[in-house]
Amino acid sequence: MATGAAAAAAAVGLLTGCARFGGAETAPFHAVPETVSGAGIEPDRPPPGQAPQPPPPPGQSPTPPPPAGPCDDPDPSVIATCLDTTGAMAMLPDGRTALVAERTTGRIMAVPRDGDPTEFARIPVDPAGDGGLTGLALSPTFAEDHLVYAYITTPQDNRVVRFTQGDAPKPILTGIPKGPTGNAGDLAFTEPRQLTVLTGDAGGGADPASLSGKLLRVQDPAPGARNPAVVAAGFGAAGGLCRDPQTGALWITDRAPTMDRLQRIAADGSTPTLVWSWPDKPGVGGCAAADGTVVTALDGAKSVAAVTVSKESGAVTGDPLVLAEDKYGHFGAALIAGDGTIWGATVNKSSGGAVATDDRVVVIPFAGGGGSRV
């Protein structure tokens, strides 16, 4: 769900708790002399090439700068503010603008790296529990067809829909069980005509006969698509689903009863392999992958984790890095932009500790993988 490449590391610490592998392993100062003319000191001169500013009318003070608004965040890394609880992100082809979903409202904002966010679309959703709008994926031919796919919760079920800007969403896959929790899901295209879907466990043990707690593949995902193929089962509350465009590997994060997990499916495989686990359960969320780096949002740990893996084997090559820890609060989604920076979206309005400008989208400088620092 994210494009771009990540190269060498900028981070601030290591993930807490035990983790385990699941498989292979100045110029000098000069005072400016005062120039006296008659009985007074000459006014300050403007820099060369700049026209002097006219003095204010007699008795009037200079115009003060406008006051900061309630949604103005002084942190230059914050590029969007005053959103509702976020649920998913997807980078547009320009690599500098992301679609950012509000989980609880179904609103999708187009957030540029430089500029003001604008509303892109709005989908009716049921936000009860952890439901709502939790997954986004762009069509592989988005530049031509402008199709966006979304994983949503309705009053009846969890489902996959697709839409274009300005049009009503159309169902692609319906009937995914809905529960008091475990409703979040995610999406990723693994082939040009193949949509892979991660479903949550609907708050309980996944029924082998149901579509909950599964990894599904939908061929030719269009309205009226046939039943999906079950690729794998046994997933807990869904975190994220992301594909590395360089290696073709598919990465899955989920929250199992005893641990949070990062699993991998090789480009030519169909069986998930456990790559990393967090027994302290930091609350893995949405993920992004590029050029051998996997990043995932951490809700409970209030940070973003970056994991560097071998492009050949998928094994973790260094301890995961913790980015932006305790700086912006709880994160629910993450992606990698075209310039290699990580974008994180916060979920403070639902997880606690929200400030006046929440929820926010934050740009986190990053230059590459786990286990190294600059």
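As a starting point, this report considers the structure included with it. These figures come from a predicted structure and were not determined experimentally.

On to the overall build of the protein chain, then. A tally of helices and strands in the protein chain yields 2 helices and 28 strands. Counting over 374 residues, the protein chain shows a buried share of 51%. For the protein chain, the exposed area adds up to about 16800 Å²; of that, 55% sits on carbon and sulfur atoms.

Attention now goes to the pattern of salt bridges. Following the criterion strictly, the structure yields 10 salt bridges and no others. Arg-360 is the partner of Asp-73 in a salt bridge, and the nearest nitrogen-oxygen pair spans 3.3 Å. In this pair, Asp-73 is assigned in the loop between strand S4 (40-41) and strand S5 (78-80) and Arg-360 in the loop between helix H2 (348-351) and strand S28 (361-364), connecting sequence segments 287 residues apart. For the pair formed by Asp-73 and Arg-360, the shared burial category is buried. Notably, a salt bridge pairs Arg-122 with Glu-119, separated by 3.0 Å at the nearest N-O pair. The exposure class assigned to Arg-122 is partly exposed, which follows from its relative accessible area of 49%.

Membership of the largest hydrophobic core comes to 34 residues, with the highest contact counts inside it found for Met-89, Val-295, Val-304, Leu-323, Trp-343, Val-361 and Ile-364. Broken down by element, the residue count for this core peaks at 5 residues, all from strand S26 (residues 331-336). The next biggest cluster of nonpolar side chains, apart from the first, holds 20 residues, and it includes Ala-88, Val-125, Leu-133 and Ala-150.

Moving on, we get to unusual backbone geometry. For the peptide bond that leads from Asp-358 to Asp-359, omega is -5 degrees, which places it in the cis range. Mapped onto the fold, Asp-359 is located in the loop between H2 and S28. For His-146, which is not a glycine, the phi torsion comes out positive at approximately 60 degrees. Note on placement: His-146 falls in the loop between helix H1 (142-145) and strand S11 (148-153). Residue His-146 is classed as partly exposed on the basis of its relative accessible area of 43%. Positive phi values are uncommon outside glycine, yet Asp-220 reaches one of about 50 degrees.

Attention now moves to the sheet that holds strand S13 (residues 170-176). The sheet built from 4 strands is open, its strands ordered S10-S11-S12-S13 with antiparallel pairing. The open sheet has two edge strands, strand S10 (133-138) and S13, and neither has a second partner. Pairwise comparison of adjacent strand axes, ignoring direction, gives a mean angle of 15 degrees for this sheet. Here 5 bridges tie S10 to S11, and the two strands are oriented antiparallel to one another. When the sheet's bridge partners are listed, Ala-137 is paired in S11 with Tyr-149.

Turning our attention to the state of the cysteines. Covalent bonding between the sulfur atoms of two cysteines defines a disulfide. A complete count under the given rule lists 2 disulfides for this structure. Across a sulfur-sulfur distance of 2.0 Å, Cys-71 and Cys-82 are joined as a disulfide pair. Across the S-S bond linking Cys-71 and Cys-82, the dihedral sits near -105 degrees, which makes this disulfide left-handed. With a gap of 11 residues between them, Cys-71 in the loop between S4 and S5 and Cys-82 in the loop between S5 and strand S6 (86-91) connect regions that are remote in the sequence. Accessibility expressed as a relative area gives 32% for Cys-71, which makes it partly exposed.

With that settled, the discussion passes to the side chain of Thr-196. Structurally, Thr-196 is set in strand S15 (residues 194-199). Overall, Thr-196 belongs to the buried group, its relative accessible area being 0%. In this structure the side chain of Thr-196 is engaged in a polar contact, spanning 2.8 Å, whose partner is the side chain of Thr-190. Those residues in contact with Thr-196 that sit more than four places away from it in its chain are Asp-186, Leu-187, Ala-188, Thr-190, Leu-215, Leu-216, Arg-217, Leu-241 and Leu-250.

Our focus in this paragraph is the sheet that holds S6. Pairing between the strands of a sheet is mediated by backbone hydrogen bonds and can be parallel or antiparallel. Across the sheet, which stays open at both edges, the 4 strands sit in the order S6-S7-S8-S9 with antiparallel pairing between neighbours. Edge strands, defined here as strands with exactly one partner in the open sheet, are S6 and strand S9 (118-122). Strand-to-strand twist in this sheet, taken as the mean axis angle between neighbours without regard to direction, amounts to 25 degrees. Pairing of strand S8 (residues 107-112) with S9 involves 4 bridges; the strand directions are antiparallel.

Next up on the list: the packing of aromatic side chains. For the structure on display, the rule yields 2 aromatic pairs. Between Tyr-149 and Phe-189, the aromatic rings sit 5.2 Å apart at their centres with planes inclined by 75 degrees, giving edge-to-face as the arrangement. Residue Tyr-149 is found in strand S11, and its partner Phe-189 is found in strand S14 (residues 185-191); the two are separated by 40 residues along the sequence. We classify Tyr-149 as buried; its relative accessible area is 3%. Given the relative accessible area of 13%, Phe-189 is considered buried. On the numbers, 6.5 Å between centres and 75 degrees between planes, the contact of Tyr-328 with Phe-331 is edge-to-face.

Here is what the cut-offs are and how they apply
- Residues numbered from 1 in each chain as written.
- Predicted model: local features only at pLDDT ≥ 70, side-chain atom pairs only at ≥ 80, totals over all residues.
- Heavy atoms only, no water.
- Helix = DSSP H or I, 4+ residues; strand = E, 2+ residues; numbered from the N terminus.
- Buried < 20%, exposed > 50% of the residue type's maximum accessible area, 1.4 Å probe, protein only.
- Areas by Shrake-Rupley, 256 points an atom, 1.4 Å probe, with all protein chains shown as cover.
- Salt bridge = Lys/Arg side-chain N within 4 Å of Asp/Glu carboxyl O.
- Core = buried A, V, L, I, M, F, W, Y, C linked by side-chain atoms within 4.5 Å.
- Pairing = 2+ DSSP bridges.
- Axes fitted to C-alpha atoms, helices over the stretch in contact; angles between N-to-C directions.
- Disulfide = S-S within 2.5 Å.
- Polar contact = N/O pair within 3.5 Å; in protein donor to acceptor, adjacent residues only side chain to side chain.
- Contact = heavy atoms within 4.5 Å.
- Phe/Tyr/Trp six-rings, centres within 6.5 Å; stacked < 30°, edge-to-face > 60°.

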